[in-house]
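The residues making up each chain are set out below.
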Amino acid sequence: MSEHIAWYRFQATGAWALVGERQRSLENLRRLVDGGWEGEAEWLEGYWALASLINDPEFGGLRRAERAARND
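The rules behind each value
- Counting from 1, residues in each chain are numbered in the order their sequence is written.
- Under the rules for a predicted model, residues below a pLDDT of 70 receive no local features and side-chain atom pairs below 80 are neither given nor counted, while totals for whole chains, interfaces and linings still include all residues.
- Only hydrogens and water are removed before side-chain values are computed, so all heavy atoms of the structure are retained for them.
- Helix and strand assignments follow DSSP, with helices taken as H or I runs no shorter than four residues and strands as E runs no shorter than two, numbered in order from the N terminus.
- All accessibility values rest on the Shrake-Rupley procedure with a 1.4 Å probe; residue burial counts only the protein chains present in the view.
- Helices are assigned an expected span. That span is 1.5 Å times one less than the residue count.
- Exposure classes here rest on a 1.4 Å probe applied to the protein chains alone. A residue is buried below 20% of its type maximum, exposed above 50%, and partly exposed in between.
- To obtain the arc, one takes the directions from the helix axis to the C-beta atoms.
- Whether two residues are in contact is decided by their heavy atoms: any pair within 4.5 Å suffices.
- Whether two aromatic rings pair depends on their centres lying within 6.5 Å, for rings of Phe, Tyr and Trp, where Trp uses its six-membered ring; planes under 30 degrees apart make the pair stacked, over 60 edge-to-face, and the rest tilted.
- A fitted line through C-alpha atoms serves as each axis, taken over the contacting stretch for helices, and the angle formed by two N-to-C directions is quoted from 0 to 180°.
- Throughout, the term roughly parallel applies to angles under 35 degrees, roughly antiparallel to angles over 145, roughly perpendicular to angles from 65 to 115, and oblique to all others.
- Left-handed describes a crossing in which the near helix is turned anticlockwise from the far one by less than a right angle; the clockwise case is right-handed.
- For this analysis, a salt bridge means a side-chain nitrogen from Lys or Arg found within 4 Å of a carboxyl oxygen belonging to Asp or Glu.

Q: Got a minute to help me understand the overall build of the chain in this structure?
A: Helix and strand content of the chain: 4 helices and 0 strands. Secondary structure elements in the chain, listed N-terminal to C-terminal, are α-α-α-α. Its C-alpha atoms give the chain principal-axis dimensions of roughly 30 × 25 × 20 Å. Accessible area of the chain: about 4,600 Å², with a carbon and sulfur share of 51%.

Q: So what exactly am I meant to see when it comes to helix α1 (residues 3-18) here?
A: Every α-helical turn comprises 3.6 residues, leaving residues that sit three or four positions apart pointing alike. Over its 16 residues, α1 extends 23 Å from the first C-alpha to the last, a length consistent with the 22 Å expected when each residue adds 1.5 Å. Taken as a whole, α1 has its buried residues at Ala6, Phe10, Thr13, Gly14 and Ala17. Each buried residue of α1 lies within a common arc of 90° when the element is viewed along its axis, so the set occupies one face. For α1, the exposed residues lying more than 90 degrees away from the buried face are His4 and Tyr8. Buried residues in α1 make contact with α2 (22-34) and α3 (41-46).

Q: It is not clear to me how the packing of aromatic side chains should be interpreted in this structure. Could you clarify?
A: Any pair of aromatic rings gets described here by the distance separating the centres and the angle formed by the planes. This model, assessed by the stated rule, comprises 5 aromatic pairs. An angle of 70° between the planes, with centres 6.1 Å apart, marks the rings of Tyr47 and Trp48 as edge-to-face. On the basis of relative accessibility, which here comes to 14%, the residue Tyr47 falls in the buried class. Connected via pairs of aromatic rings, a cluster forms that spans Trp7, Phe10, Trp37, Trp43, Tyr47 and Trp48.

Q: Got a minute to help me understand the packing of α1 against α2 in this structure?
A: The geometry of α1 relative to α2 is characterised by a closest axis approach of 7 Å and an angle of 160° between their N-to-C directions. Here α2 runs roughly antiparallel to α1, going by the angle between their axes. By crossing handedness, the relation of α1 to α2 is classed as left-handed. Mapping the contact onto sequence places Ala6, Arg9, Phe10, Ala12, Thr13, Trp16 and Ala17 in α1 and Arg24, Ser25, Asn28, Leu29, Arg31 and Leu32 in α2.

Q: How should I be thinking about the pattern of salt bridges in this particular structure?
A: Pairing of side chains with opposite charge becomes possible as their charged atoms draw close. Per the counting criterion, the structure on display carries 6 salt bridges. Salt-bridge contacts for Glu45 lead to Arg63; the nearest nitrogen and oxygen are separated by 3.4 Å. Taken together, the residues span a long stretch of sequence, with Glu45 in helix α3 and Arg63 in helix α4 (residues 57-71) at a distance of 18 residues. For Arg67, the salt bridge is made with Glu45, and the minimal N-O distance between the two is 2.7 Å. Here Arg67 is found in helix α4, whereas its partner Glu45 is found in helix α3, with 22 residues between them in sequence. The exposure class of Arg67 is partly exposed, given its relative accessible area of 32%. The network of salt bridges with shared partners includes Arg22, Arg30, Asp56 and Glu58.

Spelled out as structure tokens, the structure:
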């Protein structure tokens, strides 16, 4: 995946979360994580735009998947 596309997905994830589109935000995040994103789970946890998702179980699962991918 292009670095630019990953960066756009990361930003889109935050934008959708900010406007209350939880599912769209999580869909972008899932694509990001499944697409081999080279980011880190800590970036997701610390990104202010995703604060509304921090306690969401699906968001937690995606963070764990990102951590697992980095530890492989």
